[in-house]
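One-letter residues, chain by chain:
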Amino acid sequence: MTAAVTTENEAPLHRPATAVTSSTPDMAALLKRMQLAHRGKKAPGYEERMQHLERLEKAILRRKEAIVDSISKDFGNRSRVESLVAEVFITVQAIRYAREHLRDWMEPEERQVGWAFLPAAAEVVYQPLGVVGIIAPWNYPVQLALAPLVSVLAAGNRCIIKPAEFTPATGELLKDLIAETFDPDHVAVVTGGPEVGEAFSKLPFDHLVFTGSTRVGKYVMRAAAENLTPVTLELGGKSPTIIADDFSIDVAATRIMMGKLYNAGQTCIAPDYILVPEQKRDAFVAACKESVTRMYPTLAGNADYTCVINDKHYARLTSLVDDAKAKGAKVVEINPHAETIDPKSKKFVPTLVLDPTEEMTVMQEEIFGPILPIKTYKEIGEAIAYVNDHPRPLALYYFGYDRTRIDRVTDETVSGGVSINETMLHVAQDDLPFGGVGPSGMGHYHAFEGFETFSKKKPIFRQSRINSAGMLRPPFGKAVDMFLRVVLGK
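Scope of this entry: the structure provided in the associated data block. Bear in mind the structure is a predicted one, so any value in this text is a computation, not a measurement.

### Observations concerning the overall build of the protein
Tallying secondary structure elements over the protein gives 15 helices and 16 strands in all. In terms of overall size, the protein behaves like a compact globule, its C-alpha atoms giving a radius of gyration of 26 Å where 490 residues would be expected to give roughly 23 Å. Over its C-alpha atoms, taken along the principal directions, the protein stretches across nearly 90 × 65 × 40 Å. Considering only intrachain contacts with a sequence separation of at least 6, the fraction spanning at least 24 residues in the protein is 74%. Total accessible area on the protein is roughly 21,900 Å²; 55% of this is exposed by carbon and sulfur atoms.

Structure below.
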């Protein structure tokens, strides 16, 4: 699709499709063209940035059904509502929020000048970095490619996006969407396999965003370090959920299982394991069964229940369950209609793993699927200690009403983000930054923090016509001696 696109209040945009390439020289040449274009033109002002964001929003909304179809094609089946909410709605809301606040974000910040330097002035201005690279994952292939782009464009930058190879249909859709919306030296898409991703991460971008596994994140950071390229890493890990004894088990189970089964658990902030009071474990298991049955009365032919992305990941999930069984865990499958589900369909039955041990792989790796380990604890300090004994997660969830215990959990644990009495919804709040900590990532985007991430906060000092800086230059005289006695004492 390379035809001109005309939308309301826009001039026609004649866009040759950006070349899809797996060639390192081609990607390097593309980056060079963008860098030269950035250097050769004044940074986009407010009106131009607003236009970029408006075009992106309209392009997404024009293709919302195509987005649903392409993602479902890549997955085998992806819930239409999940795609519209998680890919379209969240991204469009981020654009609208950025447009609403962009003028304020772009305003220089006046800073104080020490009294000894008055009447000089100081300020911080936000300057575009240049060209940003985005390596997007397969689990939310549109949102996690375009939501970072919102911050990149708001900050006045150019961008190259590398979609995931596991979602080729969506990658092609993104290529067409971007090519028809932006000049090829402003935003572009390159596609290809792991070798392209590796070469992409070695390019000398002005900033690089990677969303994916902790393991691959290490390689990306190592490659970026060769160019001293700053990185934002959105990784994952094992996000814990703590249920307190004062919270309704039925309500907790409903909210947790919704978060766990959304996108078939293929979400970086999905609840990874549960810590529940030991006396409430059985009630929680029963409530999980009931909530799953209510949400997904059938699985095999249910268009609302998303497939696992591919056979490899399906086999990995199967091996996690088999390993837990072999090492003594009790495994509970929640198959409400007792269907026989063909593995080729890649519909994985929601599975609870009770009383898992640390030797089980399911407690060592991020699950990224509809498997939920359930551990018990006696008192809240034990649950906090368990979380703190493991790598810092991307998200933490706590279900309880006692404010003292809520504060204790949030104060004594460190995680990328927190939702209280809910799962995952903190990431949908436009005014909250999103990012991990330690093994779950570094840096933030979303909200003002995204604008800030992709900007150089440039400090500027403005000397006044009349000033006292002369006394700081040699030869030093009595004036500077008197000044130093005043500020430092005799």
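Still to come is the rest of the account.
### Some words on the nonpolar core
Counting 87 residues, the largest nonpolar core has Leu56, Leu149, Phe284 and Leu352 as the members making the most contacts within it. Leaving out residues up to four positions away in the same chain, Leu149 has contacts with Leu56, Ile134, Cys159, Ile161, Ile178 and Val187. Membership of the second largest hydrophobic core comes to 28 residues, among which are Ile242, Val308, Tyr314 and Ala329.

### A few points about the side chain of Thr423
Residue placement: Thr423 occurs in the loop between β14 (417-420) and β15 (441-442). At 3.2 Å, the side chain of Thr423 and the backbone oxygen of Arg255 are in polar contact. The contact partners of Thr423, leaving out residues within four places of it in the chain, are Arg255, Ile256, Gly259, Pro271, Tyr397 and Phe399.

### Details of the sheet that holds strand β7 (residues 231-234)
Read from one edge of the open sheet, 6 strands run β5-β4-β3-β6-β7-β15, paired in mixed fashion. Only two strands of the sheet have a single neighbouring strand rather than two, namely β5 (187-189) and β15. Here strand β3 (residues 131-135) runs beside strand β4 (residues 158-162); their pairing, made up of 5 bridges, is parallel. Considered in β4, the bridge of Ile134 is made with Ile161.

### Describing helix α10 (residues 281-295)
The end-to-end C-alpha separation of α10 is 21 Å, in line with the 21 Å expected for 15 residues at 1.5 Å each. Residues of α10 that are buried: Arg281, Phe284, Val285, Ala287, Cys288, Ser291 and Val292. Each buried residue of α10 sits inside an arc of 165 degrees when the element is viewed along its axis, so together they form one side.

### Observations regarding the packing of helix α3 (residues 64-75) against helix α4 (residues 80-106)
Between α3 and α4, the least distance of the axes is 9 Å, while the angle of their chain directions is 115 degrees. The crossing of α3 and α4 is right-handed. Along the contact surface, α3 presents Lys64, Glu65, Ile67, Val68 and Ile71, while α4 presents Arg80, Ser83, Leu84, Glu87 and Val88. Looking at the contact of α3 with α4, its residues break down into 5 nonpolar, 1 polar and 4 charged.

Parameters and conventions
- Residues numbered from 1 in each chain as written.
- Predicted model: local features only at pLDDT ≥ 70, side-chain atom pairs only at ≥ 80, totals over all residues.
- Heavy atoms only, no water.
- Helix = DSSP H or I, 4+ residues; strand = E, 2+ residues; numbered from the N terminus.
- Rg over C-alpha atoms; globule rule 2.2 N^0.38 Å.
- Contact = heavy atoms within 4.5 Å.
- Areas by Shrake-Rupley, 256 points an atom, 1.4 Å probe, with all protein chains shown as cover.
- Core = buried A, V, L, I, M, F, W, Y, C linked by side-chain atoms within 4.5 Å.
- Buried < 20%, exposed > 50% of the residue type's maximum accessible area, 1.4 Å probe, protein only.
- Polar contact = N/O pair within 3.5 Å; in protein donor to acceptor, adjacent residues only side chain to side chain.
- Pairing = 2+ DSSP bridges.
- Expected span 1.5 Å × (residues − 1).
- Arc of directions from axis to C-beta.
- Axes fitted to C-alpha atoms, helices over the stretch in contact; angles between N-to-C directions.
- Left-handed = near helix turned anticlockwise from the far one by under 90°.
- Nonpolar A, V, L, I, M, F, W, Y, C, P; charged D, E, K, R; others polar.

Any link to function would need more than the numbers given here.
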